[in-house]
Amino acid sequence: MLNNKLTVVALATMMVVAATTFAQADGSPSMVVPSKIVDAGKVSQGVTVDAVFDLVNEGDATLTVKAVRPTCGCTVADFDKEIAPGATGKIKAKLDTKDFAGPISKSILVMTDDPQNPTVTLVIKADIRPFVEILPRPLIRFNAVLHEPMNQTFIVAGADPEKTLKVSSVDSSVPFLTTSVRKLSGDELVQGKSKSQYEVTLSLSDDAPVGPVNAVLSVNTDLKEAPTVPVKVYGVVRALIHVTPTQVQFGSVEAKARPGRNLIVVNNRTDGTRVEVTGAKVNDPAFDAQVTTIEQGRRYQVTVVIKAEADPGSRDATLTLTTTDKDFPTVTVPVRARLRYPHP
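Residues numbered from 1 in each chain as written. Predicted model: local features only at pLDDT ≥ 70, side-chain atom pairs only at ≥ 80, totals over all residues. Heavy atoms only, no water.

1. Some remarks on the overall build of the protein
Note the cut-off: In this text, helices come from DSSP runs of H or I with a minimum length of four residues, and strands from runs of E with a minimum of two, each type numbered from the N-terminal end. It is over C-alpha atoms that the radius of gyration is taken, and the globule rule equals 2.2 Å times the number of residues to the power 0.38. Only heavy atoms enter the contact rule, under which two residues are in contact if any of them lie within 4.5 Å. In short, Shrake-Rupley with a 1.4 Å probe defines the accessible areas, and a residue's cover is counted only from the protein chains shown. Only four residue types enter the charge count: Lys and Arg as positive, Asp and Glu as negative, with His and the chain ends excluded. Here the site of a charge means NZ on Lys, CZ on Arg, CG on Asp, or CD on Glu.
Within the protein, the regular secondary structure consists of one helix and 25 strands. Relative to the 2.2 N^0.38 estimate, which gives 20 Å for 344 residues, the radius of gyration of the protein is 34 Å and therefore markedly larger than a compact globule would have. When its C-alpha atoms are laid out on the principal axes, the protein stretches across 95 × 80 × 40 Å. Pairs at least 24 residues apart make up 66% of the contacts formed inside the protein by residues separated by at least 6 positions. Of the roughly 19100 Å² of accessible surface on the protein, a fraction of 53% belongs to carbon and sulfur atoms. Side chains of the protein give 38 positive and 37 negative charges; the mean places of these two sets differ by 5 Å.

Shown next as structure tokens:
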């Protein structure tokens, strides 16, 4: 009995091997990758690494490359979609190093119609070396108030102590961020870096718009390996008098229910100046508005209520807040509502 089972297993194994051999001999592609890793070695930060991988088709039918999927930071510029039997195709990829530092490894997944080896992972390796360092890091975050001073500083230093560095200018991608450059000396220098070091001061212009800031500073140097070094800037500019929400939306409501909406008014001044909200009025008689003090001189609540006797129809009005702030004596907020007839 045992001998019979062994015989059946052996026959099945032979049939599988034979079927596989027959399939390969009967017009199947076979992918071979001579080198799955491209090591670019030491690379200057900001340089784009070009990598080329060979795909050899050792089968008897055309090899079809179905898809090539790179990971973050890596893009595939071109690849051969079909590779004839005995021919060699290529996958050309690029690695942008501007957002990386130190040793990195990025992969590319290749999917084909090879029945025995349908997928293969290719790898690009590099050791990213910044020729210019931004200290403490090439990223600035800030939380500023409109019309109030905002200054952030960082140091630009050469990574090689034996090389000199000159910062000619620092450009901003937005007009309301300004910069100044000062060369450091003596005890101001960061040890272990190039003796040519600069302090860059970032300032916010008085005409900066209220809202989030997403910008890039370009540090221009005389180094051919790193002529321009990017510094990312993320921040927010808050209004001196901030109202939340920025508009009053009632939607579709019945006036007889006297629906109401609340707003919060905040004094964001950091110099200790107290600001009073002295009044609130809507330019439509269908609405009432009143002010409640939460924190004297700092925070207030404004309630807008629809009058019960208001006529049905669409309303597009403006709430005007009066304050004691010298720069913003009045603040306006849109008020919208659609008053419907009451249900019978």
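2. Comments concerning the sheet that holds strand β7 (residues 88-96)
Under the convention used in this document: Here the rule is simple: two strands pair whenever DSSP picks up at least two bridges between them.
The four strands lie next to each other as β1-β3-β7-β5, forming an open sheet whose pairing is antiparallel. Looking at strand neighbours, the two that pair on one side only are β1 (31-32) and β5 (74-79), the edges of this open sheet. Bridge count for strand β3 (residues 48-57) against β7 is nine bridges, and the pairing is antiparallel. Directly across from V56, in β7, lies its bridge partner T88.

3. Quick word on the environment of S107
The following threshold applies: Buried residues are those whose accessible area, probed at 1.4 Å on protein chains only, stays under 20% of the maximum for their type, while exposed residues exceed 50% and partly exposed ones sit between those limits.
Considering the arrangement of structural elements, one finds S107 in strand β8 (residues 102-112). Taking relative accessible area as the criterion, S107 reaches 25% and is therefore assigned partly exposed. Along the backbone, S107 and T71 are 36 residues apart, and their C-alpha atoms lie at a distance of 5.8 Å. Those residues in contact with S107, other than ones at most four positions away along the chain, are R69, P70, T71, T121, L122 and V123.

4. A short note on the side chain of T112
Just so we agree on the cut-off: Counted as a polar contact is a pair of N or O atoms within 3.5 Å, where, for protein atoms, one must be capable of donating a hydrogen and the other of accepting one, and residues adjacent in sequence contribute only when both atoms are in side chains.
Looking at where T112 falls in the secondary structure, it is placed in strand β8. A polar side-chain atom of T112 sits 3.2 Å from the main-chain amide nitrogen of D114. Sequence-distant contacts of T112, that is, excluding residues within four places in its chain, are made with M31, L63, T64, V65, K66, N117 and P118.

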